[in-house]
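# A structural walkthrough
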Amino acid sequence: MSTFPTTLQHCQALDTVDALHPLRDLFDIPAGVIYLDGNSLGVMPKTAAARAAEVVTQEWGQGLIRSWNTAGWFSLPQRLGNRIAPLIGAGADEVVATDTTSINLFKVLSAALSIAAQDAPQRKLIVSERSNFPTDLYIAEGLCKERGYTLKLVEPEEIAAALTADVAVLMLTHVNYRTGAMHDMTAVTAAAHAAGALMVWDLAHSAGAVPVTLKASNADFSIGCGYKYLNGGPGAPAFVWVHPKHADRFWQPLSGWWGHAAPFAFTPDYQPAPGITRYLCGTQPIVSMSLLGCGLEGFEAADKLGGMAALRTKSLALTDLFIQLVEERCQGYGLGLATPRAHAQRGSQVCLTREHAVGGSGAFAIVQALIARGVIGDYRAGDGGIHKDILRFGFTPLYIGFEDVWNAVEHLRQVLETGEWQKPEFNQKHAVT
Ligand SMILES: *Cc1c(COP(=O)(O)O)cnc(C)c1O
């Protein structure tokens, strides 16, 4: 199925005719870097530095307390939420940007359990995937302990069979962080509902990466990340969506004053705000929030060029090309593909495995050697069992081009051919991989 170009010149020609290619000029990408880690921390929008300076020196420095009103600080969670909504298939006033993904998961999972406790108290299980991102599992585990539930972890192909009559909530990440495998949101949500369970989706690797259809898929709750594909900056606020039919049913447990119906009435008792605003807790990190707005500008620019649908088409072309070139040009070095080939099952990243030899898979060191060459991907350790060590490459269609893919594979080929990854400096582990 070699329908793709296989020379550097062909890749360059593809960039030339790609209508989305100029969008990369909206971002500050260091010279000499091919950045394939936008699924972990997105690149910096060029407007971010000036926006940060404006927020700090003008809005804070000069405006001071007045800026809560005059600079619109107070309504930032809702305004940013409304800008995120179209990327995830949510309606107006259904999303807020706030807190972290972990914290937002705690809120929505708590609310889901409260609904389940009322509607179906005999249901005592939360089901998730064993290879879900650990923080999701840790948050679920903590809530299970507190509320008397059990967390059941299964492999993706076991999910359907796990939806028994004692399941309260199915909690999944739409695109798996380790493999890039994507669930069929509509089909899985329907299966959960048919089994009487509520559906919670984590969109950390979906929002801004693939079109998402929360409302059309009839999902119940969702959360996602601001600093990955949304390019909001390190530790950017995350977001939370709740289906309007559930939004007013329960308080979320972090019932702070920003979620109050009238925070500045300063009443001693809590009255939750209607709708998604009750999912706020306390005062927001305004500098960080403002920068998330810069990240969203990239998608607003893409809207004029076909939006998420066009970005998705390009993303699949990039990941198809990467897979094809790795298979053609890096043969014989023990690499395998952990990401599904079927488009409908693939997010915006490609994950490679490597056969284990004496001393391990070498996956970590190969990634380090690539980083030293300016090709930044990352490594995720396996569990010694069916989940293997992963070399992970994210392809953000807003700023990655076809020539980048060619060059990344050429570096990978050279790293493998020369064996330079075996140098001691590439085998030294750091705190953050
Ligand atoms: C990145 C990621 C998170 C991050 O959570 P934080 O609270 O921002 O640290 C959570 N869940 C998934 C699935 C992720 O990929």
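Every value quoted in this text rests on a predicted model; they were computed, and no experiment measured them.

## Some words on the packing of aromatic side chains
Here the structure, examined in full by the defined rule, presents 13 aromatic pairs. Here Phe-133 and Tyr-177 contribute two aromatic rings whose centre-to-centre distance is 5.0 Å and whose plane-to-plane angle is 80°, an arrangement assigned as edge-to-face. Separated by 44 residues along the polypeptide, Phe-133 in the loop between strand E5 (125-129) and helix H6 (134-147) and Tyr-177 in the loop between strand E7 (167-173) and helix H8 (185-194) bring together distant segments of the chain. With a relative accessible area of 11%, Tyr-177 lands in the buried category. Seen from their ring centres, Phe-322 and Phe-393 are 5.1 Å apart, and the 50° between their planes marks the pair as tilted. Of this pair, Phe-322 sits in helix H11 (residues 307-329) while Phe-393 sits in strand E15 (residues 390-394), placing them 71 residues apart in sequence. Accessibility classification places Phe-322 together with Phe-393 in one group, the buried group. Site record: aromatic cluster; members linked through ring pairs are Trp-68, Trp-73, Phe-74, Trp-257, Trp-258, Phe-264 and Phe-266. A cation over an aromatic ring shows up here: Lys-124 above the ring of Tyr-149, its NZ or CZ 4.7 Å from the ring centre.

## Description of the pattern of salt bridges
Applying the stated criterion across every chain, the model contains 18 salt bridges. Ionic pairing is found between Glu-420 and Arg-373, a salt bridge with its closest N-O pair at 2.7 Å. Of this pair, Glu-420 sits in the segment after helix H13 (402-418) while Arg-373 sits in the loop between helix H12 (363-372) and strand E13 (375-376), placing them 47 residues apart in sequence. A residue is classified by how much of its surface remains accessible, and Glu-420, at 16% relative accessible area, is buried. Within this structure, Arg-329, Glu-410, Arg-413 and Glu-417 form a network of salt bridges that share partners.

## Observations concerning the side chain of Ser-206
Residue position: Ser-206 is located in the loop between strand E8 (198-202) and strand E9 (221-224). On the basis of relative accessible area, Ser-206 is assigned to the buried category, the value being 0%.

## Notes on the pairing of E7
Taken across its seven residues, E7 has seven buried, putting it largely inside the fold. The pairing of E7 with E8 spans five bridges and is classified as parallel. Bridge pairing in E8 links Val-169 to Leu-198. In this fold, the crossover linking E7 to E8 by way of H8 has right-handed handedness.

## Thoughts on the layout of surface pockets
Counted as a void, the largest pocket has a volume near 510 Å³. As for the largest pocket, its lining consists of 23 residues, and the residues nearest its centre are Glu-129, Pro-156, Glu-157, Thr-179 and Ala-181. Of the volumes computed, that of the second largest pocket is approximately 280 Å³. Put simply, the parts of the chain that give the lining of the second largest pocket at least two residues each are helix H5 (101-119) and H6. Tallied by class, the residues present in the lining of the second largest pocket amount to seven nonpolar, eight polar and five charged.

## Things to note about the packing of H11 against H13
The interhelical angle for the contact between H11 and H13, taken along N-to-C directions, is 25°, at an axis separation of 10 Å. The angle between the axes of H11 and H13 places the two elements in the roughly parallel class. In this structure, the crossing between H11 and H13 has a hand that is right-handed. Here Lys-314, Ala-317, Leu-318, Leu-321, Phe-322, Leu-325, Val-326 and Arg-329 of H11 lie close against H13, whose contacting residues are Phe-402, Val-405, Trp-406, Val-409, Glu-410, Leu-412 and Arg-413. Per-class residue counts for the contact of H11 with H13 are eleven nonpolar, no polar and four charged.

## A few points about the UniProt feature "binding site: pyridoxal 5'-phosphate" (unreviewed entry) in the protein chain
The feature "binding site: pyridoxal 5'-phosphate" (unreviewed entry), as annotated in UniProt, sits at Thr-101, Ser-102, Phe-133, Pro-134, Thr-135, Asp-136, Thr-173, Asp-202, His-205, Tyr-227, Trp-257 and Thr-283 in this numbering. Their sequence span is 183 residues, while the largest C-alpha to C-alpha distance among them is 30.3 Å; these annotated residues do not converge on one region. Of the annotated positions named here, the second largest pocket is lined by Thr-101, Ser-102, Phe-133, Thr-135, Asp-136, Thr-173, Asp-202, His-205 and Tyr-227. As for its position among the elements, Thr-135 is in helix H6. Here the side chain of Thr-135 touches Ser-102 through a polar contact of 2.9 Å, side chain to side chain. Relative to the helices and strands, His-205 resides in the loop between E8 and E9.

Calculation criteria
Residues numbered from 1 in each chain as written. Predicted model: local features only at pLDDT ≥ 70, side-chain atom pairs only at ≥ 80, totals over all residues. Heavy atoms only, no water. Phe/Tyr/Trp six-rings, centres within 6.5 Å; stacked < 30°, edge-to-face > 60°. Helix = DSSP H or I, 4+ residues; strand = E, 2+ residues; numbered from the N terminus. Buried < 20%, exposed > 50% of the residue type's maximum accessible area, 1.4 Å probe, protein only. Lys NZ or Arg CZ within 6 Å of the ring centre and 35° of its normal. Salt bridge = Lys/Arg side-chain N within 4 Å of Asp/Glu carboxyl O. Pairing = 2+ DSSP bridges. Right-handed = clockwise from strand over helix to strand, strands pointing away. 1 Å grid on protein atoms, 1.4 Å probe; cavity = no way out; pocket = protein on both sides within 12 Å on 5 of 7 lines; lining within 4 Å. Points joined across faces, edges and corners; volume = space filled by probe spheres on them. Nonpolar A, V, L, I, M, F, W, Y, C, P; charged D, E, K, R; others polar. Axes fitted to C-alpha atoms, helices over the stretch in contact; angles between N-to-C directions. Parallel < 35°, antiparallel > 145°, perpendicular 65-115°, else oblique. Left-handed = near helix turned anticlockwise from the far one by under 90°. Contact = heavy atoms within 4.5 Å. UniProt positions renumbered as here; feature names shortened; annotations may be inferred. Polar contact = N/O pair within 3.5 Å; in protein donor to acceptor, adjacent residues only side chain to side chain.

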